[in-house]
Amino acid sequence: MARNANHPGWADVTPRAMFLNRRALIGGALAAGFVGPAAARIAATPSPYSTDAAPNTLEEITSYNNFYEFGWNKGDPKANAGRLTIDPWSVEIGGLVERPGSYPLDDVLRAAPAEERIYRFRCVEAWSMVIPWIGFPLSALLDRAGVQPGAKYVAFQTLYRPAEMNNQTALSGIDWPYVEGLRIDEAMHPLTILASGLYGDPLPRQNGAPLRLVVPWKYGFKSIKSIVKITLTEAPPPTTWQRLQPQEYGFYANVNPQVDHPRWSQATERRIGGGLFAFANRQPTQMFNGYGEEVAALYAGMDLRKFY
Ligand SMILES: Nc1nc2c(c(=O)[nH]1)N[C@H]1C(S)=C(S)[C@@H](COP(=O)(O)O)O[C@H]1N2
Ligand SMILES: [Mo]
C-alpha cells in the first residue's frame, strides 16, 4: 500500500511493451520455477507476514475444499477438478488501468518474486486452516498495470468453462462466473496476495489453479479462485455471495467474532485436522482473523455491523 502511494511501481515508468518483455529483461535465474503448471518446486523466500502457527497438511488443504464450480461437497473439487485445463492461461486486466490487455500467466507471475506466506484461512462456515501459500502481492501486479486515479475498486472473475466445470450449470442456482471484489486500498494492502502455489509446489486445481486471490483477514469466499479477469472500477463490483444472499454475505466479509452469521455464531471456529485431538480444535475467532494490527486502520470509523 505504502509502496503504491509513495513511489511508482516498476511499470508506472515503463511502457507496456517492456512489461510484456519482462521475462527477457529479468533473465533466467529469477524466472526459473515459473515455467508453468508443470514446473518443479517454486523457489520462494519466506515472508515476515507469515504466522508461526503449524500449517495444515497438504492432504487436508487439498481434500477439504470449497470450489462450487465442481460441486457442493468438500470432496467434490478434488474429485472433479482434474480435467480443468490450466495451460495455456491468461488474465485480462482492464478498466481504469494504464496498460489494459490480456496477459499470459507467465507475465503475470513475473510481477514480483514469489514469497511463501503462511496465513490463517477462515471460512465463513466457521472452519479454519493454516496454509503455506506461494504468491506475491497483488499490488505489484496492479502497479505494473498502472492504476488510474479514478479506480476505487477491483473486480475479479473466475473462469467460465462449463465443459470442464461440472457444476457451472443453470440448475446450480449460482449466476456463473463466480465474481468477487475488493476496495482499492484492500487490494493494495501488502497482505493481499495472488497465490500460484502451496507447500512450494504449483497450486493444485482444487485450490484455484493456476492463480487465485488470498485475503487472509476476510472470510474465505472473498479469496476467489482460477482468476481470468481483473477490472479496476469506480463503482463497487457485484460479488457472487452478496448477489445470492445479501442479508447473509456482505461486500466486506471481514472476519469478525462479534458479528454472527444470521444462521450461526462466528465467535469460534473449528481448525481442520488434529486427528485424535480434533475435539480440541475449537478455538476463538480473532478479529480480522488475527490481522487487526495490519488492517484495522482500513476500516477506521466504519460501523462493521452495517458494513459486514
Ligand atoms: N471461483 C471460486 N472461488 C472460490 C470459491 C468457489 O466456490 N469458487 N469458494 C470460496 C470459499 S467459500 C472458500 S472457503 C475458499 C476455499 O479455498 P480452499 O478450497 O483453497 O481452502 O475459496 C473461495 N473461492
Ligand atoms: Mo468459505
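Residues numbered from 1 in each chain as written. Chains lettered and ligands numbered in written order. Predicted model: local features only at pLDDT ≥ 70, side-chain atom pairs only at ≥ 80, totals over all residues. Heavy atoms only, no water.

A. Looking closely at the layout of surface pockets. Its boundaries defined by the atoms lining it, the largest pocket holds a volume of some 490 Å³. Contributing to the lining of the largest pocket are 34 residues, with N66, Y68, Y178, G220 and F221 lying nearest its centre. Among the secondary structure elements, those contributing two or more residues to the lining of the largest pocket are β5 (127-137) and α9 (240-244). The leading source of residues in the lining of the largest pocket is β5, at four residues. The residue inventory of the lining of the largest pocket, partitioned by class, reads 20 nonpolar, nine polar and five charged. (1 Å grid on protein atoms, 1.4 Å probe; cavity = no way out; pocket = protein on both sides within 12 Å on 5 of 7 lines; lining within 4 Å. Points joined across faces, edges and corners; volume = space filled by probe spheres on them. Helix = DSSP H or I, 4+ residues; strand = E, 2+ residues; numbered from the N terminus. Nonpolar A, V, L, I, M, F, W, Y, C, P; charged D, E, K, R; others polar.)

B. Region of interest: the UniProt feature "binding site: Mo-molybdopterin" (unreviewed entry) in the protein. Look at the UniProt record and you will see "binding site: Mo-molybdopterin" (unreviewed entry) annotated at N65, Y68, E69, C123, T158, N207, R212, S223, I224 and K225. The annotated residues named above include N65, Y68, E69, C123, T158, N207, R212, S223, I224 and K225 as those lining the largest pocket. Take E69: it is sitting in the loop between α4 (58-63) and α5 (76-80). Ignoring sequence-local partners within four residues, the contact set of E69 consists of T158, M165, N166, N167, Q168, W176 and Y178. In this structure, N207 sits in the loop between β9 (201-202) and β10 (212-214). Here N207 falls in the buried class, since its relative accessible area comes to 3%. If we ignore the near neighbours within four places in the chain, the residues touching N207 are I61, T62, N65, L198, R212 and K225. A polar atom in the side chain of N207 sits 3.0 Å from the backbone oxygen of I61. (UniProt positions renumbered as here; feature names shortened; annotations may be inferred. Contact = heavy atoms within 4.5 Å. Buried < 20%, exposed > 50% of the residue type's maximum accessible area, 1.4 Å probe, protein only. Polar contact = N/O pair within 3.5 Å; in protein donor to acceptor, adjacent residues only side chain to side chain.)

C. Region of the structure containing the nonpolar core. By size, the foremost hydrophobic cluster in this structure holds 75 residues, and its most contacted members are W133, F136, F156, L213, W217 and I230. Beyond its immediate stretch of four places on either side in the chain, F156 contacts L138, Y178, V179, E180, G181, L182, L213, I224, I227, K229 and I230. (Core = buried A, V, L, I, M, F, W, Y, C linked by side-chain atoms within 4.5 Å.)

D. Spatial organisation of the site of ligand 1. Around ligand 1 sit 17 residues in total, of which N65, Y68, E69, T158 and K225 are the nearest. For ligand 1, an oxygen atom lies 2.8 Å from a polar atom in the side chain of N65. In this structure, T158 approaches ligand 1 through a side-chain N or O atom, which is 2.9 Å from a nitrogen atom. Spatially, ligand 1 is embedded in the largest pocket. Looking at the shell around ligand 1 residue by residue, the class counts come to eight nonpolar, six polar and three charged. (Near = heavy atom within 4 Å. Sits in = over half its atoms within 2 Å of the grid points.)

E. Structural detail: the side chain of N254. Along the chain, N254 turns up in the loop between α9 and β12 (268-271). Under the relative-accessibility criterion, N254 is labelled buried at 8%. A polar atom in the side chain of N254 sits 3.2 Å from the side chain of W217. Excluding anything up to four places from it in sequence, N254 contacts W217, K218, Y219, F288 and Y299.

F. Just the side chain of S128, in detail. Relative to the helices and strands, S128 is located in strand β5. Within the structure, S128 has its side chain in polar contact with the side chain of R271 (distance 3.0 Å). If near-sequence neighbours (up to four positions away) are discounted, S128 is found in contact with F121, R122, E269, R270, R271 and I272.

G. Layout of the pattern of salt bridges. All chains considered together, the criterion is met by 13 salt bridges. In this structure, E164 engages R161 in a salt bridge whose closest nitrogen and oxygen atoms are separated by 3.0 Å. (Salt bridge = Lys/Arg side-chain N within 4 Å of Asp/Glu carboxyl O.)

H. Region of the structure containing the environment of I193. One can find I193 in strand β8 (residues 193-198). In the structure, I193 is positioned 19 residues away from R212 in sequence and 8.4 Å away in space, judged by C-alpha atoms.

I. The arrangement of the packing of aromatic side chains in detail. Taken as a whole and judged by the stated rule, the model has 15 aromatic pairs. Considering the side-chain rings of F251 and Y252, the 5.5 Å spacing of their centres and the 85° angle between planes classify their relative orientation as edge-to-face. The pair formed by F251 and Y252 is uniform in burial state, with each residue classed as buried. The interplanar angle of 85° and the centroid separation of 6.1 Å between the aromatic rings of Y252 and F307 together place this pair among those described as edge-to-face. With Y252 in the loop between α9 and β12 and F307 in the segment after α10 (292-295), this residue pair connects regions lying 55 residues apart in the sequence. (Phe/Tyr/Trp six-rings, centres within 6.5 Å; stacked < 30°, edge-to-face > 60°.)

J. Geometry of unusual backbone geometry. At the junction of D87 and P88, the peptide bond is cis and its omega measures out at 10° in the coordinates. Of note, the bond from A209 into P210 is cis; its omega dihedral lies within 30 degrees of zero at 0°. Checked against the element boundaries, P210 lands in the loop between β9 and β10. The phi angle at S226 is positive, at roughly 45°, despite the residue not being glycine. Structurally, S226 can be placed in the loop between β10 and β11 (227-233). The phi torsion at A253 lies on the positive side, around 50°, for a residue other than glycine. Mapping A253 onto the fold places it in the loop between α9 and β12. With a relative accessible area of 4%, A253 lands in the buried category.

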